[in-house]
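Each chain, letter by letter, is given below.
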Amino acid sequence: MRQADLRGASLRGALLIGADLTGADLRRCECIGADLRDTDLSGADLRGAVYLTQMQVNAARGDARTRLDDGFQRPSHWPC
């Protein structure tokens, strides 16, 4: 699912463990209950994602290009 356009998609309860969402456009997607453990969000755009939590972000992999809304902290295990 690299570079996938998932804008506004419902990821409600999705099991995305280890998924490759590198460069995906996830703006305004619904993330309630989505399991993002070890999901690669490098370069992904998560701005405006609905019900996205810090715990979900912490469980995922990302990098300096991953776009998050203000209020989210970049996990320390993400490369700068």
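In what follows, the structure referred to is the one given above.
Overview of the structure. Here the structure is a predicted model, which is why all the values come from computation and not from measurement. (Residues numbered from 1 in each chain as written. Predicted model: local features only at pLDDT ≥ 70, side-chain atom pairs only at ≥ 80, totals over all residues. Heavy atoms only, no water.)

## Brief notes about the nonpolar core
Consideration 1: Counting residues in each nonpolar core, the largest one holds 21 residues, and the members touching the most others are Leu 21, Leu 26, Leu 41 and Leu 52.
Consideration 2: Excluding residues within four positions of it along the chain, Leu 21 makes contact with Met 1, Leu 6, Leu 16, Leu 26, Thr 39, Asp 40, Leu 41, Ser 42 and Ala 44. (Core = buried A, V, L, I, M, F, W, Y, C linked by side-chain atoms within 4.5 Å. Buried < 20%, exposed > 50% of the residue type's maximum accessible area, 1.4 Å probe, protein only. Contact = heavy atoms within 4.5 Å.)

## Section: the pattern of salt bridges
Consideration 1: Taken as a whole and assessed by the stated rule, the structure comprises 12 salt bridges.
Consideration 2: Across the pair Glu 30 and Arg 12 runs a salt bridge whose closest N-O atoms are separated by 2.4 Å. In this pair, Glu 30 is assigned in the segment before α1 (54-59) and Arg 12 in the segment before α1, connecting sequence segments 18 residues apart.
Consideration 3: Look at Glu 30 and you get buried, because its relative accessible area is 17%.
Consideration 4: Note on Arg 12: relative accessible area 54%, which makes it exposed.
Consideration 5: Two residues, Asp 45 and Arg 67, come together in a salt bridge whose shortest N-O distance is 3.6 Å. Highlighted residues: Asp 45 in the segment before α1 and Arg 67 in the segment after α1, separated in sequence by 22 residues. (Salt bridge = Lys/Arg side-chain N within 4 Å of Asp/Glu carboxyl O. Helix = DSSP H or I, 4+ residues; strand = E, 2+ residues; numbered from the N terminus.)

## Regarding the state of the cysteines
Consideration 1: According to the stated counting rule, one finds 0 disulfides in the structure shown.
Consideration 2: The thiol of Cys 29 is not disulfide-bonded; the next cysteine sulfur, from Cys 31, is found 3.4 Å away.
Consideration 3: A residue is classified by how much of its surface remains accessible, and Cys 29, at 0% relative accessible area, is buried.
Consideration 4: Residue class for Cys 31 comes out buried when judged on its relative accessible area of 3%. (Disulfide = S-S within 2.5 Å.)

## Remarks on a nonpolar patch on the surface
Consideration 1: Together, Ile 32, Val 50 and Tyr 51 make up an exposed nonpolar region whose accessible area comes to about 270 Å².
Consideration 2: Tracing the chain through its elements places Ile 32 in the segment before α1. (Patch = residues over 30% accessible without salt bridge, like charges linked within 9 Å, V, L, I, M, F, W, Y side chains within 5 Å. Areas by Shrake-Rupley, 256 points an atom, 1.4 Å probe, with all protein chains shown as cover.)

Purely geometric numbers; function is a separate question.
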